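Coordinate analysis (summary)
The chain contents come next:
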Amino acid sequence: MEFKLDNSFNDNLALFKAEAEQNDPECAKILFDNLHLLDVTGEAAPGRAAIGKFHEAVLNALDALQKAATGDES
């Protein structure tokens with residue numbers, strides 16, 4: 001996929017989401033369900049704490065997905 005320079009950030013994000021959903025719907029859902037953690041209002045970029053929360057949330061969701069796929073209830 002190619003981002004379109006004339007598109008807004010949200011329009012290109014929607015293009016990326018559609019592409020990701022075609023490639024791996026479960027991982028795309030995890031990514032977009034947790035993407036809001038990186039949206040830190042009033043800051044130029046998310047800090048280490050926000051990025052850490054995002055990584056932790058994605059890792060937990062991937063672990064849960066793996067456990068569901070293997071039937072692991074631990």
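This text goes with the structure placed above it.
The sections below set out a description of the structure shown in this document. (Residues numbered from 1 in each chain as written. Predicted model: local features only at pLDDT ≥ 70, side-chain atom pairs only at ≥ 80, totals over all residues. Heavy atoms only, no water.)

Here we look at the packing of helix α1 (residues 9-23) against helix α2 (residues 25-34)
For the pair α1 and α2, the least separation of the axes is 6 Å and the interaxial angle reads 145 degrees. From α1, Leu13, Phe16, Lys17, Ala20, Glu21 and Asn23 reach across to α2, where they touch Pro25, Ala28, Leu31 and Phe32. Of the residues assigned to the contact of α1 with α2, the class counts are seven nonpolar, one polar and two charged. (Axes fitted to C-alpha atoms, helices over the stretch in contact; angles between N-to-C directions. Helix = DSSP H or I, 4+ residues; strand = E, 2+ residues; numbered from the N terminus. Contact = heavy atoms within 4.5 Å. Nonpolar A, V, L, I, M, F, W, Y, C, P; charged D, E, K, R; others polar.)

Here we look at the packing of aromatic side chains
We describe a pair of aromatic rings using the distance from one ring centre to the other and the angle between the two ring planes. Tallied over the full model, the rule gives one aromatic pair. Between Phe16 and Phe32, the ring centres sit 6.0 Å apart and the planes meet at 45 degrees, which makes this aromatic pair tilted. You can see Phe16 sitting in helix α1 and its partner Phe32 sitting in helix α2, a full 16 residues away along the chain. Residue class for Phe16 comes out partly exposed when judged on its relative accessible area of 33%. In this arrangement the basic side chain of Lys17 is found over the ring face of Phe32, its NZ or CZ atom lying 5.5 Å from the centre. (Phe/Tyr/Trp six-rings, centres within 6.5 Å; stacked < 30°, edge-to-face > 60°. Buried < 20%, exposed > 50% of the residue type's maximum accessible area, 1.4 Å probe, protein only. Lys NZ or Arg CZ within 6 Å of the ring centre and 35° of its normal.)

Shape descriptors only; they carry no functional weight alone.
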